[in-house]
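Take a look at the letters that make up each chain.
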Amino acid sequence: MYSRERRSPLYLATGLIIGVVIGLVFGWIILPVEAIDLAPDVLREDFKIEYRELISLAYLANGDIGRARSRLDLLGEGNQARTLEIQAQEAMGRFAQEHIARAIGLLAENLKISQDEIQTFILTEKSPEDNQIAQTATPEQISEINETPSPTATGVFLPTSTSNPIDSPMQQSTNVEDNVKKYLISKQEVLCENQNGVQNLQIYVLDNGVQIPWIEIEIEWENGFNRIYTGFKPDIGNGFADFVMQEQVLYNVKLGELSEPLIGISWAECIGSDGTKWWGGWEINFSND
Amino acid sequence: MLKSRINRKQFIMYPEKDRNRGFRYFLFLVFICIGFAGGWYYARVLKPAEFINTTPEYLRRDYQTDFVLMIAEAYSGIEDSNYALCHLELLGMSDPVEVMTKAMSYGSSLGYSAEDLAIIGELKDSLNEMQFDVEGCN
């Protein structure tokens, strides 16, 4: 007599596994959850660059550092100032983006300044009765300041406003006649170190002895004009900018509306102790003190 | 060989074996469906795919509204309508003026200040007067 075969239920487990795999493939790949209601921290990197650009230009217009900071927080990145500095340098290299680079650089610089003010505020608030001078923050305090809050998952985002908004950086730069800081040439020195080098014009801009970035420098020559900015070579100095001069060309240099022009600068003649001659560059310092 | 012949005979002589096989296939399919439901639930509810590298058109509405406000603030400074248009396009809507109108409406419901709404309104008025001809948004 034929007896009914007994089949192991293992084939059911196989079916279950196959079903799970197909379900996962459908749920994750073929028909995934629809992407809606996302936060800026999941934006593609090129869109994050555009986002930072907009934040910087908005800051340039309204001067509201608190609003700029709250918007940057949405990107969920640490060390916002450094990220902005790198982006400003990259923008500087692109055609017709100098004004954007400057806006980004200004925001980076003011973020750093406002961060220092927060550190000082925290330290002095913690020990007012001791009347201690603010010292460098401890690592715990620094990490507390630098902690980047994650974007609001459920709450609505509202752009904040500073209670006492200052003039926007753009307004400050155009109110030159109201609050002019006239910069004068405090140093003009021939650079002869490199006998085979490029004839460079090296410019430093100082405010009360401190080098300041993002200052516009206009360089004009016959049939030519260029604008450069300090701050793009921080390894040399925040207030440093340089320009390569051409042979037998006379240049006029000025800090936009902030200084009188330095007229007729060109390659400088250098003479060695043995009488050798070569062409050199110039170092020029603009200062307001 | 003989054994297989005998098995074929048994196959012919005992049709209920077919019914058992059919039932097994059915059970197999049922378990695939159960597995599919479980996998689907896990992938869509418990551990949905994480989104990275998205575009601004998928931002939540309040973030999109702030995006529009940023564009308007930037425009108030640089007055480059082409720049503003290029960035409004990133929100994935065809009509920039409609984008501004929706932003003002939603911003108002969220409690945006009159100043912020006015800035958006100024950009909207400027775009209204223009021909939309976006040149090379890069």
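Just so we're clear, the structure is a prediction, and the values are computed from it rather than from any experiment. (Residues numbered from 1 in each chain as written. Chains lettered and ligands numbered in written order. Predicted model: local features only at pLDDT ≥ 70, side-chain atom pairs only at ≥ 80, totals over all residues. Heavy atoms only, no water.)

Peer 1: Explanation requested: the overall build of chain A in the structure shown.
Peer 2: Scanning chain A from terminus to terminus reveals seven helices and ten strands. By residue count, 41% of the 289 residues in chain A fall in the buried class. Excluding contacts between residues fewer than 6 apart, the proportion of contacts in chain A whose partners are at least 24 apart in sequence is 63%. Element-wise, carbon and sulfur atoms account for 52% of the exposed surface of chain A, whose accessible area totals about 16600 Å². (Helix = DSSP H or I, 4+ residues; strand = E, 2+ residues; numbered from the N terminus. Buried < 20%, exposed > 50% of the residue type's maximum accessible area, 1.4 Å probe, protein only. Contact = heavy atoms within 4.5 Å. Areas by Shrake-Rupley, 256 points an atom, 1.4 Å probe, with all protein chains shown as cover.)

Peer 1: It is not clear to me how the side chain of Lys48(A) should be interpreted in this structure. Could you clarify?
Peer 2: Residue and element names in this part refer to chain A. Here Lys48 shows up in helix α2 (residues 45–62). Of the side chains with opposite charge, Glu77 lies nearest to the buried Lys48, which makes no salt bridge, at 4.2 Å. Here Asp41 takes part through its backbone oxygen, which lies 3.2 Å from a polar atom of the side chain of Lys48. (Lys, Arg positive; Asp, Glu negative; His and termini not counted. Salt bridge = Lys/Arg side-chain N within 4 Å of Asp/Glu carboxyl O. Polar contact = N/O pair within 3.5 Å; in protein donor to acceptor, adjacent residues only side chain to side chain.)

Peer 1: Would you mind going over the interface of chain A and chain B with me for this structure?
Peer 2: Often, the extent of an interface is quoted as the loss of accessible area upon association of its parts. At the junction of the two partners, chain A supplies 56 residues and chain B supplies 48 residues. In total, chain A and chain B occlude about 4800 Å² of area from one another, counting both sides; carbon and sulfur atoms represent 67% of this. In this structure, the connection of chain A to chain B is made through four salt bridges. A salt bridge links Arg67(A) to Glu73(B); its shortest N-O distance comes to 2.6 Å. At the boundary of chain A and chain B, one finds 19 residue pairs in polar contact (both at pLDDT 80 or more). Secondary structure elements with two or more residues in the side of chain A that touches chain B: α1 (10–30), α2, α3 (65–73) and α5 (98–126) of chain A. Considering every element that reaches the side of chain A that touches chain B, the biggest residue donor is α1(A), with 14 residues. Of the residues that constitute the side of chain A that touches chain B, the class distribution is 36 nonpolar, ten polar and ten charged. (Buried area = accessible area lost by both parts, 1.4 Å probe. Nonpolar A, V, L, I, M, F, W, Y, C, P; charged D, E, K, R; others polar.)

Peer 1: Would you mind going over the state of the cysteines with me for this structure?
Peer 2: Simply put, the disulfide is a covalent bond whose two ends are the sulfur atoms of two cysteines. Residues and elements named next belong to chain A. Throughout the structure, instances matching the rule amount to one disulfide over all chains. With its sulfur 1.9 Å from that of its partner, Cys192 forms a disulfide with Cys270. Sign of the S-S torsion, about -85° for the bond between Cys192 and Cys270, identifies this disulfide as left-handed. Here the residue Cys192 occupies a position in the loop between β1 (184–191) and β2 (200–207), and Cys270 occupies one in strand β9 (residues 268–271), the gap between them amounting to 78 residues. (Disulfide = S-S within 2.5 Å.)

Peer 1: Just checking my understanding: could you explain the environment of Leu107(A) for this structure?
Peer 2: Residues and elements named next belong to chain A. As for its position among the elements, Leu107 is in helix α5. A relative accessible area of 0% places Leu107 in the buried class. For the pair formed by Leu107 and Ala88, sequence separation is 19 residues and the distance between their alpha carbons is 9.8 Å.

That is the geometry; function is a separate question.
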